[in-house]
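An overview of the molecular structure
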Amino acid sequence: MSSSFAPLKNDSFLRACLRQATDHTPVWLMRQAGRYLPEYCATRAKAGSFMGLATNVDFATEVTLQPLERYPLDAAILFSDILTVPDAMGLGLSFAQGEGPKFAKPLRDEQAVAKLEAPDLDKLRYVFDAVRSIRKALDGRVPLIGFSGSPWTLACYMVEGAGSDDYRLVKSMLYSRPELMHRILSINAQAVTAYLNAQIEAGAQAVMIFDSWGGVLADGAFQEYSLAYTANVLSGIKRAGADGQTVPRIVFTKGGGLWLEQMDKLDCEVLGLDWTMNLGKARQLVGHSKALQGNIDPNVLFAPQKVIESEVLKVLKSFGKPHTDLDQPGPTHIFNLGHGISQYTPPDHVSALVQAVHHHSKLLRA
């Protein structure tokens, strides 16, 4: 298996994940393959629909590589969606043009929850085939990140049936029928663990858990319904990849800064931060054991390029002096947005951001 993949040429992202010194701060962007790129929109038009794009190995490979053709990013992330898992559970996922995802059969009652089971991974084979194809196409240029939604975030969509402003349905179930909520989360945790392990077997070199809606929970509820199930997934994830190398695990909880010290206990290598958290403070709290990823406000990318450069420098400086000792681990930073890139972002502004990260982070190490 390992001989079928080219050796890695740029390992700065993986090194930073493992708290090892790098000559610059590595950078990649959440949703870097997406609608802000005209070439992505052209490929999506050819595919006919979002799921047509995600389920076609050639198209998924093409759009994963598109941002790397434009920008000297330090990692690629699999082009897919967090809702592939509930779709494989038979909830009937669809994406209307210009609208968010919708499920035809949301989990609204005891009967629906009783029928729920972890999906046959064969139904997700298109994802694992895409991982293999992308890894080969990358030819060792940069590492490939696989991902999944967290058990809680998936449950939000599965109960609400779509995105939500108030999380009324999922929280109603959580408070009035906690046993149903725990059943959904337990099945989701089992499914997510198997899903991420299959991505690792196919060639993913790091994996990320997106707990996009963890921050909507009350204190106490977050620990019980989100953090505990994320911890459950992490405990079952394979530690080595198809090539025998360590596979770092990243956890990103939007709105999770409040619980950073509790998240420090998670068995993962990297914690992702949204733009509300100060990186220097996060470094003081958890930098002794976790690499940090983030966390510029994605809307900075709408500012003039000079402003983008100065905001990048602020983020780099907020993290503080880079770790440069090659002989031992220390606090490390992976530059990213505090959430996914907006579809309206000008592509040349992304170029300004990536260049600024590489340029200034090298100067800070000089």
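Residues numbered from 1 in each chain as written. Predicted model: local features only at pLDDT ≥ 70, side-chain atom pairs only at ≥ 80, totals over all residues. Heavy atoms only, no water.

Brief notes about unusual backbone geometry
Residue Asn295 is bonded to the preceding Gly294 through a cis peptide linkage, with omega at -5°. Structurally, Asn295 can be placed in strand β8 (residues 291–296). The phi torsion at Arg19 lies on the positive side, around 65°, for a residue other than glycine. As for its placement among the helices and strands, Arg19 is situated in the loop between α1 (12–17) and α2 (38–47). Judged by its relative accessible area of 12%, Arg19 is buried. (Helix = DSSP H or I, 4+ residues; strand = E, 2+ residues; numbered from the N terminus. Buried < 20%, exposed > 50% of the residue type's maximum accessible area, 1.4 Å probe, protein only.)

Brief notes about the packing of aromatic side chains
Taken as a whole and judged by the stated rule, the model has 9 aromatic pairs. When the centroid spacing of 3.9 Å and the interplanar angle of 10° are considered together, the rings of Phe222 and Trp259 count as stacked. Residue Phe222 is located in helix α11 (residues 221–236), and its partner Trp259 is located in the loop between β6 (249–253) and α12 (260–263); the two are separated by 37 residues in the primary sequence. Taken together, the aromatic side chains of Tyr40, Phe50, Phe79 and Phe95 make up a single cluster linked through ring pairs. The cationic tip of Arg135 hangs over the ring face of Phe5; the distance from NZ or CZ to the ring centre is 4.2 Å. Residue placement shows Arg283 over the ring face of Phe319; its charged tip is 4.5 Å from the ring centre. (Phe/Tyr/Trp six-rings, centres within 6.5 Å; stacked < 30°, edge-to-face > 60°. Lys NZ or Arg CZ within 6 Å of the ring centre and 35° of its normal.)

With respect to the sheet that holds strand β7 (residues 270–272)
In sheet architecture, strand pairing relies on hydrogen bonds along the backbone and comes in two forms, parallel and antiparallel. Spatial strand order, β1-β4-β5-β6-β7-β8-β9: 7 strands in an open sheet with parallel pairing. Strands at the two margins of the open sheet, each flanked by one partner only, are β1 (76–77) and β9 (333–337). Bridging between β7 and β8 involves 3 bridges; their strand directions are parallel. Within β8, the position partnered with Gly272 by the bridge is Gln293. Contacts from α11 reach β5 (206–211) and β6, with the element oriented near 165° to β5. (Pairing = 2+ DSSP bridges. Contact = heavy atoms within 4.5 Å. Axes fitted to C-alpha atoms, helices over the stretch in contact; angles between N-to-C directions.)

Digging into the environment of Val131
Here Val131 lies in helix α7 (residues 125–138). For the pair Val131 and Thr61, spaced 70 residues apart in sequence, the C-alpha to C-alpha distance is 8.1 Å. Those residues in contact with Val131 that sit more than four places away from it in its chain are Leu78, Leu144, Gln199, Ala202, Gly203 and Ala204.

Some words on the packing of α2 against helix α4 (residues 57–70)
One way to put it is that α2 packs onto α4 with a least axis distance of 9 Å and a crossing angle of 170°. Our classification of the angle between α2 and α4 gives roughly antiparallel. Residues Pro38, Glu39, Tyr40, Thr43, Lys46 and Ala47 of α2 form the contact with α4, whose participating residues are Phe59, Glu62, Val63, Gln66 and Arg70. Residue classes in the contact of α2 with α4 are distributed as 5 nonpolar, 2 polar and 4 charged. (Parallel < 35°, antiparallel > 145°, perpendicular 65-115°, else oblique. Nonpolar A, V, L, I, M, F, W, Y, C, P; charged D, E, K, R; others polar.)

Description of the pairing of β6
The buried fraction of β6 amounts to 5 of the 5 residues, a majority that puts the element mostly inside the structure. Alternating positions in β6 separate into two faces, Arg249, Val251 and Thr253 on one and Ile250 and Phe252 on the other, with burial throughout. Pairing of β5 with β6 involves 5 bridges; the strand directions are parallel. Among the inter-strand pairings, Ile209 is bridged to a residue of β6, identified as Val251. Sheet topology places β6 next to β7; 3 bridges connect them, and they run parallel.

Looking at α7
In a regular helix each residue adds 1.5 Å, so 14 residues correspond to 20 Å; α7 covers 20 Å between its end C-alpha atoms and thus fits that length. Against α3 (50–54), α4, β1, α5 (84–91), β4 (144–149) and α10 (178–202) lie the buried residues of α7. Backbone geometry just after α7 places Asp139 at a positive phi near 55°. (Expected span 1.5 Å × (residues − 1).)

A look at the nonpolar core
Ranked by internal contacts, the top residues of the largest apolar core, which has 127 residues, are Phe13, Met181, Ile184 and Leu353. With sequence-adjacent residues up to four places away left out, Ile184 is seen in contact with Leu107, Val113, Leu116, Ala155, Met158, Val159 and Met173. (Core = buried A, V, L, I, M, F, W, Y, C linked by side-chain atoms within 4.5 Å.)

Considering the pattern of salt bridges
Within the structure shown, the criterion is met by 16 salt bridges. A salt bridge links Glu269 to Arg239; the shortest N-O distance between them is 3.0 Å. You can see Glu269 sitting in the loop between α12 and β7 and its partner Arg239 sitting in the loop between α11 and β6, a full 30 residues away along the chain. Residue classification places Arg239 among the partly exposed residues on the basis of a relative accessible area of 35%. Each of Arg239, Arg249, Asp267 and Glu269 takes part in one network of salt bridges that share partners. (Salt bridge = Lys/Arg side-chain N within 4 Å of Asp/Glu carboxyl O.)

Brief notes about the pairing of β8
Of all 6 residues in β8, 6 are buried, a share of seventy percent or more. With helix α13 (residues 279–286) bridging β7 and its parallel neighbour β8, the resulting β-α-β unit is right-handed. Sheet topology places β8 next to β9; 5 bridges connect them, and they run parallel. Looking across to β9, one finds that Gln293 is bridged to Ile334. Remark: the β8/helix α14 (residues 305–319)/β9 crossover connection has right-handed handedness. (Right-handed = clockwise from strand over helix to strand, strands pointing away.)

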